Amino acid sequence: MMEILIVIFGIIGLISILIALHAKRTVAYVYCGAVISAWEAKLLKENRLMEMAEAPAVENLISLLDDTEYRPLLSEISKDGTVDVKKAEIVFKDHLNHRYQEILKIVPSQRKETVLRLLKKWEVWGLKTIVTAIHQGVPVEEDLKHYMSSPTLTRERLEMLTSVKNFDQLLDFLKDSEYFPVLNGALKDYKERGLSAILSALDVYYYKSLWQEILRVKSQREILMKMIGCEIDTVNIKLILRLKKEGVAPEEIDKYLIRPSYLLTEGMLKDMVYAENIKSGLEVVSRTPYGLVLLNFLPQIEAQGISTAERALDELRLKVFREQAVAHIFSIAPVVLYILLKETEVRNLLTILRLKAEKVEPQKIKKNILGVPKIGL
C-alpha cells in the first residue's frame, strides 16, 4: 500500500513540476501579449483602407488618419492639400522602426534573439541598397539614407555605411561584421553574374541565419518553423516564377534559391525550376498550400502577370501567421504576426498615398492594397 502511495505522490509531484514549468514559460508572454494585442487593435481595418482609396482628394485621405496613431506624423507629410510622398516614406519608416524597438524591449528573453534576427531584414535591405548604388556608380541620396534606417542599426553606423564609394571600402567597413564573409564570397561571382549575385547572397544569408536561430532554441521551435518556413517557401516560389518569366536559365535560377526550404522538397524546387511554363510549375506544388492557392489564380496570373501570384502568396503568408498566433496566444507567434501586420499596414498606406498623388483611379488603388485574411475562432 505504501509503495502505491509513493508512486501516486510521485506522479502528482511530477505533474506539479510540469505545470509550474509551463506556467513559468507562459507568464513571460502574458504582458508582451497584452501589449501586442492592444497595438494590433489599433491597426487600420481593411474597410478604412478602402475608404482611403475612395477619398476624392489627398486632404480627405489625410483626414481619415486624423483619429489614428499616425496623427502626429500628418503635419510632417502634408501641406496645402498636398502630400510629400518621399517625406511620408521616411516618416512612416521611422514610425515603424520605433515600434519595432519597443517590441525588442518587451519580448521575453527566450526568443529576443529570434525577434532581433527577424528584424535584421531592414539591415539587409539597407546593404542591398548600398551595394546597388556602388554598382551603379551613384551616391546614396540623403532621403534614401533616412529611409534605410533600421531598428537594429544606429544612425551613426548608417551614416558611415552610406559614405562608402566602392566595394573595397564597403568590405573594410564590414570586416568585423557578420556580413563580411557573405559579401567577400559574393564578390567573386559578381564579375560573372553581376549585381544579382550579391543581392541574392545577402537574401540567402538572412534567411539561413534566421532559420538557424529558430532551430537553436527548442522553445516554440515548431511554431516558428511553420511561420518562417512558409515565408521561405513563398520567397522561393516568387523567385522561380519571376526569373522564369524573365527567361533566366534553370541552372542560374537554382543559384538564387534559399535552402533548406520548408514544405517544398528539393525535388519540387528542381521540377519548378525546369518546368516548361507557369502552369506546369505550379502543378509541381499542387498538393501544398501554395499550389492550391496559386492554381486557383492561374487565369489571373496568366492575364495580369506574376504580381498577382506574389500578392496571393503574401496574403497566404499572412493567413498562416495569423493561424499560428490565434492557436498559440501565449507564445512568440503574436509578436511575429504583429511585425508583419505593421509592415503591411505601412506598405498599404504608402501605396495609397503614392497612387493618390499620381491620381490613379480608386479601383486600381484597391487592387494594390494587400488584404489581411481573418481567421474564425
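Structure's up top.
Residues numbered from 1 in each chain as written. Predicted model: local features only at pLDDT ≥ 70, side-chain atom pairs only at ≥ 80, totals over all residues. Heavy atoms only, no water.

Asker: What is the right way to look at empty space enclosed by the protein in this model?
Answerer: Rolled over the atoms, a probe with the dimensions of a water molecule shows which regions are left empty. Counted under the stated rule, the structure contains 1 cavity of 30 Å³ or more. Considered as a void within the structure, the largest cavity measures approximately 90 Å³ in volume. Lining the largest cavity are L118, K121, Y206, E231, R317, F321, V336, I339, L340 and E343. Elements supplying a minimum of two residues to the lining of the largest cavity: α19 (306-327) and α20 (333-357). Of the residues contributing to the lining of the largest cavity, the split by class is 6 nonpolar, no polar and 4 charged. (1 Å grid on protein atoms, 1.4 Å probe; cavity = no way out; pocket = protein on both sides within 12 Å on 5 of 7 lines; lining within 4 Å. Points joined across faces, edges and corners; volume = space filled by probe spheres on them. Helix = DSSP H or I, 4+ residues; strand = E, 2+ residues; numbered from the N terminus. Nonpolar A, V, L, I, M, F, W, Y, C, P; charged D, E, K, R; others polar.)

Asker: Sorry if this is basic, but what is going on with the layout of surface pockets here?
Answerer: Of the pockets and cavities examined, the largest pocket occupies roughly 1,800 Å³. As for the largest pocket, its lining consists of 50 residues, of which K238, E310, D314, R317 and R347 are closest to the centre. Of all the elements in the fold, those that place two or more residues in the lining of the largest pocket are α5 (85-106), α7 (121-136), α12 (195-216), α13 (221-245), α18 (298-304), α19, α20 and α21 (362-367). The leading source of residues in the lining of the largest pocket is α20, at 9 residues.

Asker: What am I meant to see in the nonpolar core here?
Answerer: One broad rule of soluble globular proteins: the nonpolar side chains tend to lie buried together. Of all hydrophobic cores here, the largest spans 96 residues; its most connected members are F92, I103, V115, L170, I198 and I228. Excluding its chain neighbours within four sequence positions, the residues that come into contact with I228 are L118, L210, W211, I214, F321 and V336. (Core = buried A, V, L, I, M, F, W, Y, C linked by side-chain atoms within 4.5 Å. Buried < 20%, exposed > 50% of the residue type's maximum accessible area, 1.4 Å probe, protein only. Contact = heavy atoms within 4.5 Å.)

Asker: Explain the packing of α13 against α19 here, please?
Answerer: Packed helices, taken two at a time, are described by the angle between their axes plus the distance between the axes. It is at 10 Å that the axes of α13 and α19 come closest, and there the two elements cross at 175°. Taken together, the axes of α13 and α19 lie roughly antiparallel to each other. On α19, the residues that touch I223, K226, M227, I228, C230, E231, T234, I237, K238, L241, R242 and K245 of α13 are I306, S307, A309, E310, L313, D314, R317, V320, F321 and Q324. Grouping the amino acids of the contact of α13 with α19 by side-chain chemistry returns 11 nonpolar, 3 polar and 8 charged. (Axes fitted to C-alpha atoms, helices over the stretch in contact; angles between N-to-C directions. Parallel < 35°, antiparallel > 145°, perpendicular 65-115°, else oblique.)

Asker: Looking at this structure, how should I read the pattern of salt bridges?
Answerer: Charged atoms that come close allow side chains of opposite charge to pair. With the rule as written, the count across this model stands at 29 salt bridges. Here E178 makes a salt bridge to R117, at a shortest N to O gap of 2.6 Å. Here the residue E178 occupies a position in the loop between α10 (167-173) and α11 (180-193), and R117 occupies one in helix α6 (residues 112-119), the gap between them amounting to 61 residues. Here E178 falls in the partly exposed class, since its relative accessible area comes to 26%. Close ionic contact of R317 with E231 constitutes a salt bridge, the shortest N to O distance being 3.4 Å. Of this pair, R317 sits in helix α19 while E231 sits in helix α13, and the two are 86 residues apart along the sequence. What makes R317 buried here is its relative accessible area of 11%. Overall, the relative accessible area of 6% leaves E231 in the buried class. In the salt-bridge network here, residues are joined through shared partners; they are E69, R99, E102, K342 and E345. (Salt bridge = Lys/Arg side-chain N within 4 Å of Asp/Glu carboxyl O.)

Asker: Sorry, what's going on with unusual backbone geometry here?
Answerer: Looking along the chain, the bond that leaves R259 and enters P260 is cis, with omega of 0°. Mapping P260 onto the fold places it in the loop between α14 (250-256) and α15 (266-274). A positive phi angle, near 60°, is found at Q220, a position not held by glycine. By the secondary structure assignment, Q220 is in the loop between α12 and α13.

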